[in-house]
Amino acid sequence: MISNCRLCGGDDLRLWMRGGRNVNLDYFKCGTCSLWNYDLDCGPDQRQYTEVYASPKDASNKFIEHWQASWELSDKAARAVAEDQGIDVIVANFLEYDNPDKETYDVVILRHVLEHLPDSILAMNKIGDLLKDNGLALLEFPNTRSMSYSVKRVLKNRGLRNKKYSEDWRPGHCNEFCRQSFEYLLNKTGFEMVVWQTYSNKPVANAFYRLFPIASKARAGAENSG
Ligand SMILES: [Zn+2]
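To continue, consider the sheet that holds strand β7 (residues 131–142). Across the sheet, which stays open at both edges, the four strands sit in the order β6-β7-β10-β9 with mixed pairing between neighbours. Since the sheet does not close on itself, it has two edges, and those belong to β6 (105–111) and β9 (191–199), each with one partner. Across the sheet, the mean angle from the axis of one strand to that of its neighbour is 15°, orientation sign disregarded. Relative to strand β10 (residues 217–224), β9 runs antiparallel, the two sharing eight bridges. When the bridges of β10 are listed, Trp196 appears paired with Ala220. The strands touched by helix α4 (residues 179–188) are β9 and β10; relative to β9, the strand with the most contacts, the crossing angle is about 155°.

This is the structure in structure tokens:
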């Protein structure tokens, strides 16, 4: 059971959605900052995310990006990145990384990572430590204020969404954001939002979401304002 919001610390948590195997996972929305807090009593499971590497050289991968340095959770994924991109890769948990050489960077990118971390304030503070003054943090994560989340919530709460869960299924996500809760996080950690978009990997849908920001995935840029 969770009694305080992991972002603002407030206790105005409303049971917002129920899901998971045997409907034993509760999602609480914070009335103050809008963060969706997952009840993690059953413990999050991040194993499924650590081994996959999709090359930006692959034409079917729509996001072509170039990194100068990269962090990976798994040695296997790290080797694949180093080989594919010809760049240095540090394998580390960046939440515990103490940056011994005090290196700072122009850009830090977290793509679909933030929602997996229980302590998002610590994550943004760590990103701030790694950035130069006025450096840019780019993050992608699910957008709870989206059409598909609204539909999912209605279906789940009526017991109409019957996804098959394995015996040992546990949630991978810990917290989920919308624009409001993400801005709350930025304000709390010395960042200023410079761009907010929601997006789709499909070009036509993506054009639509440029006009109506209700896609289930969000992309935000924030400047380290110190
Ligand atoms: Zn809150």
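Still more ground to cover, so stick around.
Time to look at the sheet that holds strand β8 (residues 175–176). Within the open sheet, the four strands sit side by side as β1-β2-β3-β8. Their pairing is antiparallel. Every other strand in the sheet has two partners, leaving β1 (13–19) and β8 as the edge strands with one partner each. Relative to strand β3 (residues 36–38), strand β2 (residues 25–30) is paired through three bridges, and the arrangement is antiparallel. Bridge pairing in β3 places Phe28 opposite Asn37.

Take the environment of Gly9 next. Structurally, the position occupied by Gly9 is in the segment before β1. Overall, the presence of 11 C-beta atoms within 10 Å leaves Gly9 in the exposed class.

Cut-offs and rules
- Residues numbered from 1 in each chain as written.
- Predicted model: local features only at pLDDT ≥ 70, side-chain atom pairs only at ≥ 80, totals over all residues.
- Pairing = 2+ DSSP bridges.
- Helix = DSSP H or I, 4+ residues; strand = E, 2+ residues; numbered from the N terminus.
- Axes fitted to C-alpha atoms, helices over the stretch in contact; angles between N-to-C directions.
- Contact = placed C-beta atoms within 7 Å.
- Buried ≥ 20, exposed ≤ 12 C-beta atoms within 10 Å, placed from the backbone.

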